[in-house]
Amino acid sequence: MSEAQRPEDEVDRLVAAWRTERPDLDVEPLQVLSRVSRLAKHLDRARRAAFAEHDLEPWEFDVLTALRRAGKPYELSPGTLLRATLVTSGTMTNRIDRLAQAQLVRRRPDPEDRRGVLVSLTERGQQRVDAAFADLLRREHDLLVGLGGAEQAVLAGLLRTLLTPFDT
């Protein structure tokens, strides 16, 4: 599809308005970053809907998926969970307490460190996070329906190039 054949979106309209109002500024970054921002809002809505369907908050999903990705026996130290979810130790302690109360995780003494504990995913937690993750992927596939596999691969590569400096 040529540029002339593409339908106009909200970003096209705001870029045109800024070009009229501030012709002295290069508003070209808006072409990409405003679209990324708008897409992030749609993704956030899809994520929240997927989690709500399974009675999970986004933070609960983050902790449970960190445990699930760890592989059997689906357990990590609180410190490793901190690094995986980018929260403070006090916040993580509160989250683990709440997830344990909901019987989605359990704590056990760390056999390698007498002072440490390990946080384990319960069967209930695994079932809940697996169902929510499958629902999330379905919704994310729906968000990408306008792109073919090759286009998705190109976009993923370009976004990786932009994000890599922030992840190091």
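Before any of the text, the structure's been laid out above.
Residues numbered from 1 in each chain as written. Predicted model: local features only at pLDDT ≥ 70, side-chain atom pairs only at ≥ 80, totals over all residues. Heavy atoms only, no water.

Q: So, unusual backbone geometry: which residues are in play, and what are the values?
A: Going from lysine 72 to proline 73, the amide bond is cis rather than trans, its omega being 10°. Tracing the chain through its elements places proline 73 in the loop between helix 3 (58–69) and strand 1 (75–76). Although it is not a glycine, tyrosine 74 adopts a positive phi angle of roughly 55°. In this fold, tyrosine 74 is placed in the loop between helix 3 and strand 1. One non-glycine residue, leucine 86, adopts positive backbone phi at about 60°. Here leucine 86 is to be found in the loop between helix 4 (78–85) and helix 5 (89–101). What makes leucine 86 exposed here is its relative accessible area of 76%. (Helix = DSSP H or I, 4+ residues; strand = E, 2+ residues; numbered from the N terminus. Buried < 20%, exposed > 50% of the residue type's maximum accessible area, 1.4 Å probe, protein only.)

Q: Mind laying out the sheet that holds strand 1, listing which residues take part and the relevant values?
A: Across the sheet, which stays open at both edges, the three strands sit in the order 1-3-2 with antiparallel pairing between neighbours. Edge positions in the sheet fall to strand 1 and strand 2 (105–110), since each of these pairs with one other strand and no more. The sheet contact formed by strand 2 and strand 3 (residues 113–121) spans six bridges and is antiparallel. Note that in strand 3 the partner of aspartate 110 across the bridge is aspartate 113. Contacts from helix 3 reach strand 1, strand 2 and strand 3 within the one sheet, and its direction differs from that of strand 3 by about 100°. On the sheet, helix 5 packs against strand 2 and strand 3 and is oriented at approximately 120° with respect to strand 2. (Pairing = 2+ DSSP bridges. Contact = heavy atoms within 4.5 Å. Axes fitted to C-alpha atoms, helices over the stretch in contact; angles between N-to-C directions.)

Q: Please give an account of the layout of surface pockets that cites residues and values.
A: Here the largest pocket is characterised by a volume of approximately 1300 Å³. Listing elements by their share of the lining of the largest pocket, those giving two or more residues are helix 1 (10–21), helix 2 (29–53) and helix 7 (149–167). Of all the elements, helix 2 adds the most residues to the lining of the largest pocket, at eight residues. Partitioning the lining of the largest pocket into residue classes produces 17 nonpolar, three polar and nine charged. A volume near 230 Å³ is recorded for the second largest pocket. (1 Å grid on protein atoms, 1.4 Å probe; cavity = no way out; pocket = protein on both sides within 12 Å on 5 of 7 lines; lining within 4 Å. Points joined across faces, edges and corners; volume = space filled by probe spheres on them. Nonpolar A, V, L, I, M, F, W, Y, C, P; charged D, E, K, R; others polar.)

Q: Summarise the nonpolar core; cite the residues concerned and give the values.
A: If you look at the biggest cluster of nonpolar residues, it comprises 22 residues, and the most contacted ones within it are Leu56, Phe61, Leu64, Leu67, Leu81, Leu99 and Val105. Per-element accounting of this core gives the leading share, six residues, to helix 3. In this structure leucine 81 touches Val63, Ala66, Leu67, Leu76, Met92, Ile96 and Val119, once residues within four positions along its chain are discounted. (Core = buried A, V, L, I, M, F, W, Y, C linked by side-chain atoms within 4.5 Å.)

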